[in-house]
Amino acid sequence: MKTVFVSNGVVAGHAAAHQSGVTVSSTIPGAAAYDVDDSSPVDAGWTVTLDANGVPTFTAPAPPTTCVISAVDFYDCFTPSEAVAIKASTDPLVQEFVFRLLQRIDAGRSVDTSSPSIQEGVEYLATSVRLPATTPASTYIATSRVAEILRGTMQ
Amino acid sequence: MATGIIGTLAASASLTYTPSFNAKVLLTIASTGAVGTVTVNSTQVANLASGATANFSFYAGAGSPVTIATGASATAIASTLEAN
């Protein structure tokens, strides 16, 4: 049996215990847990809807599509609070991401959100602990925002 | 006595295991995203670049709980060999 952990309607992770006495849980506080068959393809990033009886239905994310937008529009995909946290970061990798984005904005260039550097950069913002540190610790953007930003959805 | 695979982890998940006997625990780790992190009892043991894989092993004392946790972009298979 595989246990799927769901946070904010999105599968945040899953785990399976293969020995008695082994327990599994989510590292995300408050995540809901659902048991599925070991062979279930449900994976991180899938969305979840619950029917009236609380039975979950898991849906695979849409395949990524190429999205080329202006660097200014890409910047607008971040909420103001996300943008403030990203610009104030003391993490060298985040600073480099901001530097490159500002260069593109200044040069009037576009951003291809299907490029590995942009995708890895946005994923990094969702998986790295925010610096300067906050209490409680958080990331720059929520994991559920990654797909939205890479689709070029402006805020 | 537990010997063999004790569990699998993907993304933000953790597994807790208490060996009955002194044990060697082996982790096979892969990064699925930007940075894949893995911790053992809250100590980070792996920080993998995208697409990287690694193996890691450590000894666990009998009766001492071991908690293995994967970050949002990591997967792991944990297996053990207990010595009774």
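Placed above this text is the structure.
Residues numbered from 1 in each chain as written. Chains lettered and ligands numbered in written order. Predicted model: local features only at pLDDT ≥ 70, side-chain atom pairs only at ≥ 80, totals over all residues. Heavy atoms only, no water.

(A) Examining the sheet that holds strand β7 (residues 66–70) of chain B more closely. An order of β3(A)-β2(B)-β7(B)-β4(B)-β5(B) is seen for the five strands of this open sheet, with the pairing classed as antiparallel. The open sheet has two edge strands, β3 (23–26) of chain A together with β5 (43–49) of chain B, and neither has a second partner. For this sheet, the mean angle separating the axes of adjacent strands, direction not counted, is 15 degrees. In the sheet, β3(A) pairs with strand β2 (residues 13–17) of chain B via four bridges, with the strands oriented antiparallel. When the sheet's bridge partners are listed, Ser25(A) is paired in β2(B) with Ser14(B). (Pairing = 2+ DSSP bridges. Helix = DSSP H or I, 4+ residues; strand = E, 2+ residues; numbered from the N terminus. Axes fitted to C-alpha atoms, helices over the stretch in contact; angles between N-to-C directions.)

(B) Summary view of the packing of helix α3 (residues 92–106) of chain A against helix α4 (residues 116–127) of chain A. Residues and elements named next belong to chain A. The interhelical angle for the contact between α3 and α4, taken along N-to-C directions, is 135 degrees, at an axis separation of 11 Å. Here α3 is positioned oblique relative to α4, judged by the angle of their axes. In the packing of α3 onto α4, the handedness of the crossing is left-handed. Across the interface between the two elements, Leu 93, Val 94 and Phe 97 from α3 touch Ile 118, Gly 121, Val 122, Tyr 124 and Leu 125 from α4. A class-by-class count of the residues in the contact of α3 with α4 yields seven nonpolar, one polar and no charged. (Parallel < 35°, antiparallel > 145°, perpendicular 65-115°, else oblique. Left-handed = near helix turned anticlockwise from the far one by under 90°. Contact = heavy atoms within 4.5 Å. Nonpolar A, V, L, I, M, F, W, Y, C, P; charged D, E, K, R; others polar.)

(C) The arrangement of the packing of aromatic side chains in detail. Residues and elements named next belong to chain A. Under the defined criterion, the tally for this structure stands at three aromatic pairs over all chains. Considering the side-chain rings of Tyr 34 and Phe 58, the 6.4 Å spacing of their centres and the 75 degrees angle between planes classify their relative orientation as edge-to-face. With a gap of 24 residues between them, Tyr 34 in strand β4 (residues 32–36) and Phe 58 in strand β6 (residues 56–59) connect regions that are remote in the sequence. Just as Tyr 34 is buried, Phe 58 falls in that class too. (Phe/Tyr/Trp six-rings, centres within 6.5 Å; stacked < 30°, edge-to-face > 60°. Buried < 20%, exposed > 50% of the residue type's maximum accessible area, 1.4 Å probe, protein only.)

Worth remembering: the numbers are spatial, not functional.
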